[in-house]
Amino acid sequence: MGLRPPSTPGDLLAAGTREARLAALRARNGIRLATGSARPEVAPTPADVVWSRGRARLLRYASATPRYRTPLLVVFSLVGRAYILDLAPGNSFVERLRDEGFDVYLLDFGVADDRDAGNTLDTYAVEYLGDAIAAAVETSAADEVNLVGYCMGGLLALLGAAACPEWPVRSLTTIATPVDLNALGALTNVVGSGTVEVEDLLDSTGNVPPRVVEYAFRAVLPMGRVTQYADLLDGMWSEDYLTAYQQMTGWMSDQVPLAGATAAEVVTELVRSDSLATTGVCRFGGRTVDLADIAVPFRSIVAEDDTIAPAASSAMLPHLVGSVDSAEVRLPGGHVGLFVGRSAHRRSIPLMVDFFAGMSEPAGARTIEADLVGAPG
């Protein structure tokens, strides 16, 4: 193998010019980032509000070319902003599902305020979710929905489906959803041990304020800010990189309050008690629910590199749910990387689409009951 020839003056000049151009781009984009100018827009996909109650809204992303009659109802978490599912054109989970031919609904619980401090798990998992399912069935003219829950939204979907097995749900999918909250480490250790009580965290509205939620997430990624800025320095010259960086870091810092009564119930029933994680049984809303009562096809989609809801926190889920068609699907990526970014659109989202498609009626399909209703007497 021969030695590499020495660089020519022309090569050195080209390299210097390139580095100077990259330095100029880094400087320009650094000013843009520091001043907060030209912040990228989020949630660009058009949607209709088809139901609302309190701060909660059900958004519909109707497909122009529907391939499936059964709608997808995506339940977002109680913490964080739902726009992470609709970051930008070409990098939007709901847009991708819509373009695959699904009638997509997103249940966004909104930003809790003093009027929501008394909201409980029953408020969200049974009352709001039950109403949202009914609204999706009515507006789509379908008989059932495929229910999809992300993070804590998945936990709410599980509790609601177990409490109300009569709901018109065709399948249930959870994404990055923990059921063993003691496996979340720093997120729950402090309140689980009793070192801090929920009452100590509440603000004047009676809710857990956004800064506490953000600090809890940051505690799981103690080196996050360091690596964040190291990566930023390398990619500062790229407009696309800077936009993606602003979107993701903006979302991480854009937390919402958690209703005080819900937080207290989560700590008591799901953190300090391990009944749900070990037996699938827990109490909320004055009732005892059992995940074994969930009989519809079930998938637990887990991110292998998830540091917020580690794989161990949901490993037992397929065994607790009563469905005979129940399985875990482990995919590469992190807590958000399952549905955000290029790799998600190449790997994890297509697998989800295949499952949802297999659980859905084709567009134009009619039930036997509908045919009988339409038949002459």
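This text goes with the structure placed above it.
This is a predicted model, so every value here is computed, not measured.

### Side note on the overall build of the chain
And then number 1: When its secondary structure is counted, the chain shows 14 helices and 12 strands.
And then number 2: Counting the 377 residues in the chain, one finds 49% classified as buried.
And then number 3: In the chain, of all internal contacts separated by at least 6 residues, the share reaching a separation of at least 24 is 80%.
And then number 4: In the structure as shown, the chain presents an accessible area of about 17,200 Å², 56% of it carried by carbon and sulfur atoms.

### Considering the side chain of aspartate 103
And then number 1: Mapped onto the fold, aspartate 103 is located in the loop between α2 (93–99) and β6 (104–108).
And then number 2: Exposure remark for aspartate 103: the relative accessible area of 10% places this residue in the buried category.
And then number 3: Of the polar contacts made by the side chain of aspartate 103, one reaches the side chain of arginine 60; its length is 2.7 Å.
And then number 4: A distance of 3.5 Å separates a polar atom in the side chain of aspartate 103 from a polar atom in the side chain of tyrosine 105.
And then number 5: If near-sequence neighbours (up to four positions away) are discounted, aspartate 103 is found in contact with Arg60, Tyr61, Ala62, Pro71, Leu72 and Ser140.

### Details of the packing of aromatic side chains
And then number 1: Evaluated as defined, the whole model comprises 9 aromatic pairs.
And then number 2: An angle of 40° between the planes, with centres 5.7 Å apart, marks the rings of phenylalanine 93 and phenylalanine 339 as tilted. Of this pair, phenylalanine 93 sits in helix α2 while phenylalanine 339 is found in the loop between β12 (326–331) and α13 (342–358), placing the two residues 246 residues apart along the sequence.
And then number 3: Overall, the relative accessible area of 2% leaves phenylalanine 93 in the buried class.
And then number 4: Seen from their ring centres, phenylalanine 109 and tyrosine 124 are 5.2 Å apart, and the 80° between their planes marks the pair as edge-to-face. Remark: tyrosine 124 occurs in helix α3 (residues 121–140) and phenylalanine 109 occurs in the loop between β6 and α3; sequence separation between them is 15 residues.
And then number 5: Phenylalanine 109 sits in the buried class, given a relative accessible area of 5%.
And then number 6: Overall, tyrosine 124 belongs to the buried group, its relative accessible area being 5%.
And then number 7: Across the ring face of phenylalanine 284, the terminal group of arginine 287 is positioned such that the distance to the ring centre comes to 5.7 Å.

### A closer look at the pairing of strand β10 (residues 287–290)
And then number 1: Sheet topology places strand β9 (residues 281–284) next to β10; 4 bridges connect them, and they run antiparallel. Residue pairing for β10: arginine 283 is matched across the bridge by threonine 288.
And then number 2: With antiparallel pairing between neighbouring strands as the criterion, β9 and β10 make up a hairpin whose turn holds 2 residues, including glycine 285 at a positive phi of roughly 60°.

### Here's the deal with α3
And then number 1: Compared with an ideal rise of 1.5 Å per residue, which puts 20 residues at 28 Å, α3 spans 27 Å between its outermost C-alpha atoms and is within 8% of the ideal.
And then number 2: Taken across its 20 residues, α3 has 15 buried, putting it largely inside the fold.

### A word on the pairing of strand β1 (residues 48–53)
And then number 1: Here β1 pairs with strand β2 (residues 56–61) via 5 bridges, running antiparallel. Within β2, the residue paired with valine 49 across the bridge is leucine 59.
And then number 2: In this structure, the hairpin formed by β1 and β2 is closed by a connection of 2 residues, where glycine 54 is found at a positive phi of approximately 60°.

### Observations concerning the sheet that holds β2
And then number 1: Read from one edge of the open sheet, 8 strands run β1-β2-β6-β3-β7-β8-β11-β12, paired in mixed fashion. Edge positions in the sheet fall to β1 and β12, since each of these pairs with one other strand and no more. Strand-to-strand twist across the sheet, computed as the mean angle between neighbouring axes with direction ignored, equals 20°.
And then number 2: Pairing between strand β11 (residues 298–303) and β12: 6 bridges, direction parallel. From the neighbouring strand, arginine 299 faces β12, where its bridge partner is alanine 327.
And then number 3: The strands that helix α4 (residues 152–163) touches are β3 (72–75), β7 (145–150), β8 (169–175) and β11; relative to β7, the one it contacts most, it runs at about 135°.

### Concerning the nonpolar core
And then number 1: With 60 residues, the main nonpolar core has Leu58, Leu73, Leu107, Phe109, Ile133, Leu147 and Leu291 as its most contacted residues.
And then number 2: Counting residues per element, this core draws most heavily on α3, which supplies 11 residues.
And then number 3: Residues contacting leucine 291, with those up to four places away along its chain left out, are Leu158, Ala162, Val179, Leu276, Gly280, Leu317, Leu320, Val321 and Gly322.

### So, the side chain of serine 92
And then number 1: Secondary-structure assignment places serine 92 in strand β5 (residues 91–92).
And then number 2: The class for serine 92 is buried, based on a relative accessible area of 0%.
And then number 3: At a separation of 2.7 Å, a polar atom in the side chain of serine 92 contacts the side chain of aspartate 86.
And then number 4: Ignoring any residue separated from it by four or fewer positions in sequence, one finds serine 92 in contact with Thr45, Leu85, Asp86, Leu87 and His345.

### Quick notes on the pattern of salt bridges
And then number 1: Scanning the entire structure with this criterion turns up 17 salt bridges.
And then number 2: Between arginine 115 and aspartate 113 there is a salt bridge, with its nearest N and O atoms 2.5 Å apart.
And then number 3: Note on arginine 115: relative accessible area 57%, which makes it exposed.
And then number 4: In this structure, arginine 330 engages glutamate 328 in a salt bridge whose closest nitrogen and oxygen atoms are separated by 2.6 Å.
And then number 5: By relative accessible area, arginine 330 is classed as partly exposed at 42%.
And then number 6: Within this structure, Arg55, Asp113, Arg115 and Asp116 form a network of salt bridges that share partners.

Conventions we followed
Residues numbered from 1 in each chain as written. Predicted model: local features only at pLDDT ≥ 70, side-chain atom pairs only at ≥ 80, totals over all residues. Heavy atoms only, no water. Helix = DSSP H or I, 4+ residues; strand = E, 2+ residues; numbered from the N terminus. Buried < 20%, exposed > 50% of the residue type's maximum accessible area, 1.4 Å probe, protein only. Contact = heavy atoms within 4.5 Å. Areas by Shrake-Rupley, 256 points an atom, 1.4 Å probe, with all protein chains shown as cover. Polar contact = N/O pair within 3.5 Å; in protein donor to acceptor, adjacent residues only side chain to side chain. Phe/Tyr/Trp six-rings, centres within 6.5 Å; stacked < 30°, edge-to-face > 60°. Lys NZ or Arg CZ within 6 Å of the ring centre and 35° of its normal. Pairing = 2+ DSSP bridges. Expected span 1.5 Å × (residues − 1). Axes fitted to C-alpha atoms, helices over the stretch in contact; angles between N-to-C directions. Core = buried A, V, L, I, M, F, W, Y, C linked by side-chain atoms within 4.5 Å. Salt bridge = Lys/Arg side-chain N within 4 Å of Asp/Glu carboxyl O.

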